[in-house]
Amino acid sequence: MKEIVQPLLELAHALGAPDLAILGEGNVSAAVSKTEFLVKASGSSLRTMIENDLTLCRREPIIALLDRKTISDADVQTDLMSARARAGDRKPSVEAAFHAWLLTMENVSFVGHCHPTAVNQVLCSPRGRDFAERRLFPDEVVCCGAASVFVPYTDPGVPLAREIRERTSHFIKHHEFVPRLILLQNHGIISIASTVEGVLSAILMADKAARIFVGAAALGGPNFMAQKDVDRITQRPDEHYRQEQLKLGVR
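Residues numbered from 1 in each chain as written. Predicted model: local features only at pLDDT ≥ 70, side-chain atom pairs only at ≥ 80, totals over all residues. Heavy atoms only, no water.

Enquirer: I tried to follow the sheet that holds strand S5 (residues 149-151) on my own but got confused; where do I start?
Expert: The strands making up a sheet associate through backbone hydrogen bonding, with each pair oriented either parallel or antiparallel. The strand order across the open sheet formed by 7 strands is S3-S2-S1-S4-S7-S6-S5, and the pairing between neighbours is mixed. In this open sheet, the two strands that pair with only one neighbour each are strand S3 (54-58) and S5. Sheet twist, expressed as the mean angle between neighbouring strand axes with direction ignored, is 15°. Alignment of S5 against strand S6 (residues 181-184), held across 3 bridges, turns out to be parallel. (Pairing = 2+ DSSP bridges. Helix = DSSP H or I, 4+ residues; strand = E, 2+ residues; numbered from the N terminus. Axes fitted to C-alpha atoms, helices over the stretch in contact; angles between N-to-C directions.)

Enquirer: Looking at this structure, how should I read the side chain of Glu-95?
Expert: Secondary-structure assignment places Glu-95 in the loop between helix H3 (73-82) and helix H4 (96-102). We note that Glu-95 is buried and unpaired, the nearest opposite charge coming from Lys-40 at a distance of 9.9 Å. A polar contact is formed between the side chain of Glu-95 and the backbone nitrogen of Gly-157, at a distance of 3.1 Å. For Glu-95, the residues in contact, after removing those within four places along its chain, are Asn-27, Pro-156, Gly-157, Leu-160 and His-187. (Buried < 20%, exposed > 50% of the residue type's maximum accessible area, 1.4 Å probe, protein only. Lys, Arg positive; Asp, Glu negative; His and termini not counted. Salt bridge = Lys/Arg side-chain N within 4 Å of Asp/Glu carboxyl O. Polar contact = N/O pair within 3.5 Å; in protein donor to acceptor, adjacent residues only side chain to side chain. Contact = heavy atoms within 4.5 Å.)

Enquirer: Help me understand the pattern of salt bridges in this model?
Expert: One side chain can pair with another of opposite charge once the charged atoms of both are near each other. Taken as a whole and judged by the stated rule, the model has 13 salt bridges. For the salt bridge of Arg-211 with Asp-19, the shortest nitrogen-to-oxygen distance reads 3.3 Å. Of the two residues, Arg-211 sits in helix H9 (residues 196-218) while Asp-19 sits in the loop between helix H1 (2-15) and strand S1 (27-31), which places them 192 residues apart along the sequence. On the accessibility criterion, Arg-211 (42% relative accessible area) is partly exposed. Ionic pairing is found between Arg-236 and Asp-238, a salt bridge with its closest N-O pair at 2.7 Å. Here Arg-236 falls in the partly exposed class, since its relative accessible area comes to 27%.

Enquirer: What exactly am I supposed to notice about the packing of H1 against H9 here?
Expert: In a packed pair of helices, the relevant descriptors are the angle between the two axes and the axis-to-axis distance. Viewed as axis vectors pointing N to C, H1 and H9 meet at an angle of 10°, and their least axial separation amounts to 10 Å. The angle between H1 and H9 places the two elements in the roughly parallel class. Contacts between H1 and H9 involve Pro-7, Leu-11, Ala-14 and Leu-15 from the former and Val-196, Val-199, Leu-200 and Ile-203 from the latter. Here the contact of H1 with H9 is composed, by residue class, of 8 nonpolar, no polar and no charged. (Parallel < 35°, antiparallel > 145°, perpendicular 65-115°, else oblique. Nonpolar A, V, L, I, M, F, W, Y, C, P; charged D, E, K, R; others polar.)

Enquirer: Just checking my understanding: could you explain unusual backbone geometry for this structure?
Expert: For residues that are not glycine, phi is negative in most cases, and the peptide bond is trans in most cases. Cis geometry is found at the peptide bond from Gly-221 to Pro-222, where omega equals 5°. If you trace the backbone, Pro-222 turns up in the loop between H9 and helix H10 (227-235). In this structure, Glu-176 takes a positive phi of about 65° despite not being glycine. Within the fold, Glu-176 resides in the loop between helix H8 (158-175) and S6. We classify Glu-176 as exposed; its relative accessible area is 70%.

Enquirer: What is the right way to look at the environment of Glu-60 in this model?
Expert: Following the sequence through the fold, Glu-60 ends up in helix H2 (residues 59-63). Put simply, Glu-60 and Lys-34 are 26 residues apart on the chain and 9.7 Å apart in space, counted from C-alpha to C-alpha.

Enquirer: Explanation requested: the pairing of S1 in the structure shown.
Expert: The buried count for S1 comes to 4 of 5 residues, which makes it a mostly enclosed element. Note: S1 against strand S4 (residues 110-114), 4 bridges, orientation antiparallel. Its bridge partner being in S4, Ala-30 is matched across the sheet by Phe-110. Counting the residues between successive antiparallel strands, the hairpin from S1 to strand S2 (residues 36-40) contains 4 residues.

Enquirer: Would you take a moment to explain the nonpolar core for this structure?
Expert: By size, the foremost hydrophobic cluster in this structure holds 50 residues, and its most contacted members are Leu-8, Leu-15, Val-28 and Phe-131. Top contributing element to this core by residue count: H9, with 9 residues. What Leu-8 contacts, discounting residues up to four positions off in sequence, is Val-28, Ser-29, Ala-30, Leu-38, Leu-54 and Phe-110. Of all hydrophobic cores here, the second largest spans 32 residues; its members include Ala-96, Ala-147, Leu-160 and Ile-190. (Core = buried A, V, L, I, M, F, W, Y, C linked by side-chain atoms within 4.5 Å.)

Enquirer: Sorry, what's going on with the packing of aromatic side chains here?
Expert: Within a pair of aromatic rings, the relevant descriptors are the distance that separates the centres and the angle that separates the planes. All told, the structure shown has 3 aromatic pairs when counted by the stated rule. With a centroid separation of 5.6 Å and an interplanar angle of 85°, the aromatic rings of Phe-131 and Phe-213 are classed as edge-to-face. Taken together, the residues span a long stretch of sequence, with Phe-131 in helix H6 (residues 128-133) and Phe-213 in helix H9 at a distance of 82 residues. For Phe-131, a relative accessible area of 3% corresponds to the buried category. Between Phe-213 and Phe-224, the aromatic rings sit 6.1 Å apart at their centres with planes inclined by 50°, giving tilted as the arrangement. Residue Phe-213 is found in helix H9, and its partner Phe-224 is found in the loop between H9 and H10; the two are separated by 11 residues along the sequence. Accessibility assignment for this pair places Phe-213 and Phe-224 in one class, buried. Pairwise contacts between aromatic rings join Phe-131, Phe-213 and Phe-224 into one cluster. (Phe/Tyr/Trp six-rings, centres within 6.5 Å; stacked < 30°, edge-to-face > 60°.)

If you want it as structure tokens, here you go:
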């Protein structure tokens, strides 16, 4: 467990930077086994997170919430508490449902979610889908992938987790690769990877890309990369080597 807790805490502290998340914003998770995962406890802060702020949950009872046809807020709270694998742990984040599902995906061991100021400038504008689906520069492709999932605003908790499941599944079927990023309209960003480095790099590069996007929009742009050039970056052996050296957990 320690080999998972320490990197997960390091990820939380990195995502707790003021421009990425403040107060109780955002959450992190990590797969512990095929049946259990660690997730941020509700009300804790990413920036100051300690091991006691992580809740160990059983995955299946939480994923089962996504298929409940009718469920009240009170039911969700009760089921989240009952899904704890350790009785003394605190209540898991209300977003534990999307973490539980995302951690079932191939090569996904860590999940990070935060609300970067620069990214939310774009996601709170009419240009959010453009930002998710197109790319501005090569390193954005390397760290964030050729495209990202875009999720229209949905009520946080189980409704959002359902929408993430539906749109991510459709994305994979259409693009034939697992996304690095999921962008939530008027909300924030989710990064998934097999490594902490992969989660953090995608979020930091998306934050940089958002700043460039906003600046380019002010100058009459943005001028997006052509799809053939995006595809070329994803196929280059030297970029694959760089991804491996940077431990991005890609491919």
